[in-house]
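Listed below are the residues making up each chain.
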Amino acid sequence: MATLIRSKLSNKLSNAATAVSNKSQAKVSGMFAKMGFQAATDEEALGFAACDDLDYDHRQGMQMDILTSDELGGEGSGDGGVLEGDSHYQRDGTGPPHSASKDGGLTNELSEVRPKITAWEAGWNVTNAIQGMFVLGLPYAILHGGYLGLFLIIFAAVVCCYTGKILIACLYEEDEDGQLVRVRDSYVDIANACCAPRFPALGGHIVNVAQIIELVMTCILYVVVSGNLMYNSFPNMPISQKSWAIIATAALLPCAFLKNLKAVSKFSLLCTLAHFVINVLVIAYCLSRARDWAWDKVKFYIDVKKFPISIGIIVFSYTSQIFLPSLEGNMQRPSEFHCMMNWTHIAACILKGLFALVAYLTWADETKEVITDNLPPTIRAVVNIFLVAKALLSYPLPFFAAVEVLEKSFFQDGGRAYFPDCYGGDGRLKSWGLTLRCTLVVFTLLMAIYVPHFALLMGLTGSLTGAGLCFLLPSLFHLKLLWRKLLWHQVFFDVAIFVIGGICSISGFIHSMEGLIEAFKYNIEE
């Protein structure tokens, strides 16, 4: 009897101790949640509780930053690691910095892998993407769109700025405290989340295909514009535009041996500054002929057959959504992302509108696909040589990105890879990896030779992948992932952008294809 009574008292005391322990652990978890850490999974929580029981005495009086590093170190252990799974969340710049850890362990190493960038540096990257060489085709868009083309330059800036913001919003979800935490890292992750659970990888495949098409078409456009610029710079030389494209591609063959972009990145700032100087020179020449500007040539009506091509050209000049998730994730203060998007797109809208209008007013109906071809021969040669240098130095960036997507999709997808890895154990490129890269370079050359039409290719790419990645998919993903939290005007904007983007995409694609077929039918060179 006495034994039974002692047993019951022991069980009650044990249950009480367990309840107190659970309450204390709940308070600790709540404290860490308030500090910005996501609650651990059940298995990790058991591990943390065991660690607390073993080293309780040692942690008395220790500083909170060491506790923080212990918690992060516990999440980093195990098979998943810190870099995998949805149990690791990154706060929107409000949590304590990882570098606060004093133990110099895994947390510090991970924080040093990717140095954070400021909002100004992020804005510079976005500006490089939307203020590149392809603004040279915007006056041609005004030729077929008139004042409506100018309106579209403004409209596309507003829409692309908005879709960039909602795309980043799809990276975040609310935790149990109602605070935003980052649960996804890329455009592909967002697409896969929208297609889960029935087709968890379908969305990623669609985005990857669109990304590869856009990157490869960008490479083709660089070769096309190089051949076009050189041919029009030296018209008296017995070298055709196709031959100049072949010469340009020969200079690009070393790209097949690239393993990283360290060497190329050194020229990016120089290329951007050179392009800025070229734009200033073109505008200065146009201003010098301000007395002859043909204001009466700017139409209020549109060329129904060619205006959809202009829409694709304008949209393609604003494409930057592909790398925005990575860019936002590497910002020191992600909360400044919206402000950065606002001023970059406002600046792009103003500069593109002025450049397109001033250039068109100068040459009116004589405006060519690449506006520098309208310059006098002496100025044209100098400007075009700089532009060709910029195009050739810009080619490795989309080329290397396309190669990486292809390699990860077909050669490095773990057990699901279709082909063996392109790299050996010593890091050297294998023969089939080199063949893939050389084939891609040759493919861009063949496309540039047989389809040497800069504006038509730019319009086709903008209508096919530009509208999809910038208009259709972001609005669709925003509706799918955040439907319950959207206000009525946000739903209206998303649906309107999807409908308008779909119409523009289909019409632009059809008319661009018709233009290419007509060019082939009548053997039009430019």
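Look up a bit, the structure's there.
Please read all numbers here as calculations on a predicted model, not as lab measurements.

> For this particular structure, what's the right way to read the overall build of the chain?
Regarding its fold elements, the chain presents 20 helices and 3 strands. Counting all 526 residues of the chain, 46% fall into the buried class. Contacts in the chain between residues far apart in sequence, at least 24 positions, make up 79% of those at least 6 positions apart. Element-wise, carbon and sulfur atoms account for 65% of the exposed surface of the chain, whose accessible area totals about 27400 Å².

> I would appreciate a short explanation of the environment of Val-304 in the present structure.
Relative to the helices and strands, Val-304 resides in the loop between helix H12 (268–288) and helix H13 (307–316). Separated by 207 residues in sequence, Val-304 and His-511 place their C-alpha atoms 9.4 Å apart.

> What should I look at first to understand the packing of aromatic side chains in this one?
The description of an aromatic ring pair uses the distance of the two centres, along with the angle that the planes make with each other. A full pass over the atoms with the stated rule returns 9 aromatic pairs. Taken together, a centroid distance of 6.2 Å and an interplanar angle of 80 degrees make the contact between Tyr-187 and Phe-477 edge-to-face. With a gap of 290 residues between them, Tyr-187 in helix H8 (residues 187–195) and Phe-477 in helix H19 (residues 454–481) connect regions that are remote in the sequence. For the pair shown, Tyr-187 and Phe-477 are each scored as buried. Taken together, a centroid distance of 6.3 Å and an interplanar angle of 65 degrees make the contact between Trp-293 and Trp-295 edge-to-face. Exposure remark for Trp-293: the relative accessible area of 18% places this residue in the buried category. One aromatic cluster in this structure is built from Tyr-162, Phe-492 and Phe-493. Here the basic side chain of Lys-352 rests over the ring of Tyr-318, its NZ or CZ set 3.5 Å away from the ring centre.

> Which parts of the structure should I look at to understand the nonpolar core?
Soluble globular proteins tend to pack their nonpolar side chains together in the buried interior. Membership of the largest hydrophobic core comes to 116 residues, with the highest contact counts inside it found for Ile-314, Tyr-318, Tyr-395, Phe-399, Phe-454 and Phe-477. Those residues within four positions of Phe-454 in sequence are excluded, and the remaining contacts are Phe-134, Gly-137, Leu-221, Val-224, Val-225, Glu-369 and Val-370.

> What exactly am I supposed to notice about empty space enclosed by the protein here?
To find leftover empty space, a probe the size of one water molecule is rolled over the atoms. On inspection of all chains with the given rule, the structure shows 3 cavities of 30 Å³ or more. What lines the largest cavity is Leu-152, Phe-155, Ala-156, Ile-311, Ile-314, Val-315, Phe-471, Ile-500 and Cys-504. Of all the elements in the fold, those that place two or more residues in the lining of the largest cavity are helix H7 (138–169), H13 and helix H20 (488–521). Counted by class, the lining of the largest cavity contains 9 nonpolar, no polar and no charged residues.

> What am I meant to see in the pattern of salt bridges here?
Opposite charge on two side chains lets them pair, provided their charged atoms get close. Applying the stated criterion across every chain, the model contains 4 salt bridges. With a shortest N-O distance of 2.6 Å, Arg-184 and Glu-173 are connected by a salt bridge. With Arg-184 in the loop between strand S3 (180–182) and H8 and Glu-173 in strand S2 (residues 172–174), this residue pair connects regions lying 11 residues apart in the sequence. Across the pair Arg-182 and Glu-328 runs a salt bridge whose closest N-O atoms are separated by 3.6 Å. In this pair, Arg-182 is assigned in strand S3 and Glu-328 in helix H14 (residues 324–329), connecting sequence segments 146 residues apart. Residues Arg-182 and Glu-328 agree in their burial class; the two are buried.

> It is not clear to me how a nonpolar patch on the surface should be interpreted in this structure. Could you clarify?
Nonpolar side chains collect at one region of the surface, where Val-209, Ile-213, Leu-464, Ile-506, Phe-509, Ile-510, Met-513 and Ile-517 lie side by side and expose about 670 Å² of accessible area between them. When residues of the nonpolar patch are traced back to their parent elements, those giving at least two are helix H9 (202–233) and H20. The greatest single-element share of the nonpolar patch, amounting to 5 residues, is contributed by H20. Residue position: Met-513 is located in helix H20.

> Help me understand the packing of H13 against H19 in this model?
In a pair of packed helices, the angle between the axes and the distance between the axes together describe the arrangement. Where H13 meets H19, the axes come as close as 7 Å, and the angle between the chain directions of the two elements is 60 degrees. The angle between H13 and H19 falls in the class oblique. Considering how the two elements wind past one another, H13 and H19 form a crossing that is left-handed. Of the residues in H19, those touching H13 at Pro-308, Ile-309, Gly-312, Ile-313, Val-315 and Phe-316 are Ala-455, Leu-456, Met-458, Gly-459, Thr-461, Gly-462, Ser-463, Gly-466, Ala-467 and Phe-471.

> What is the right way to look at unusual backbone geometry in this model?
The bulk of non-glycine residues show a negative phi, and the bulk of peptide bonds are trans. Omega for the peptide link from Ala-196 to Pro-197 comes to 0 degrees, which places this bond in the cis form. In this structure, Pro-197 sits in the loop between H8 and H9. Backbone geometry places Ala-364, a non-glycine residue, at a positive phi of 50 degrees. Here Ala-364 is to be found in the loop between helix H15 (337–363) and helix H16 (377–394). Ala-364 sits in the buried class, given a relative accessible area of 9%.

> Would you take a moment to explain the side chain of Asp-373 for this structure?
Structurally, Asp-373 is set in the loop between H15 and H16. Summary of buried charges: Asp-373 has no salt-bridge partner, and the nearest side chain of opposite charge, Arg-380, is 5.5 Å away. At a separation of 3.3 Å, a polar atom in the side chain of Asp-373 contacts the side chain of Asn-232. In this structure Asp-373 touches Asn-228, Leu-229, Asn-232, Lys-368, Arg-380 and Asn-384, once residues within four positions along its chain are discounted.

About the thresholds
Residues numbered from 1 in each chain as written. Predicted model: local features only at pLDDT ≥ 70, side-chain atom pairs only at ≥ 80, totals over all residues. Heavy atoms only, no water. Helix = DSSP H or I, 4+ residues; strand = E, 2+ residues; numbered from the N terminus. Buried < 20%, exposed > 50% of the residue type's maximum accessible area, 1.4 Å probe, protein only. Contact = heavy atoms within 4.5 Å. Areas by Shrake-Rupley, 256 points an atom, 1.4 Å probe, with all protein chains shown as cover. Phe/Tyr/Trp six-rings, centres within 6.5 Å; stacked < 30°, edge-to-face > 60°. Lys NZ or Arg CZ within 6 Å of the ring centre and 35° of its normal. Core = buried A, V, L, I, M, F, W, Y, C linked by side-chain atoms within 4.5 Å. 1 Å grid on protein atoms, 1.4 Å probe; cavity = no way out; pocket = protein on both sides within 12 Å on 5 of 7 lines; lining within 4 Å. Points joined across faces, edges and corners; volume = space filled by probe spheres on them. Nonpolar A, V, L, I, M, F, W, Y, C, P; charged D, E, K, R; others polar. Salt bridge = Lys/Arg side-chain N within 4 Å of Asp/Glu carboxyl O. Patch = residues over 30% accessible without salt bridge, like charges linked within 9 Å, V, L, I, M, F, W, Y side chains within 5 Å. Axes fitted to C-alpha atoms, helices over the stretch in contact; angles between N-to-C directions. Parallel < 35°, antiparallel > 145°, perpendicular 65-115°, else oblique. Left-handed = near helix turned anticlockwise from the far one by under 90°. Lys, Arg positive; Asp, Glu negative; His and termini not counted. Polar contact = N/O pair within 3.5 Å; in protein donor to acceptor, adjacent residues only side chain to side chain.

Nothing here speaks to function; it is all geometry.
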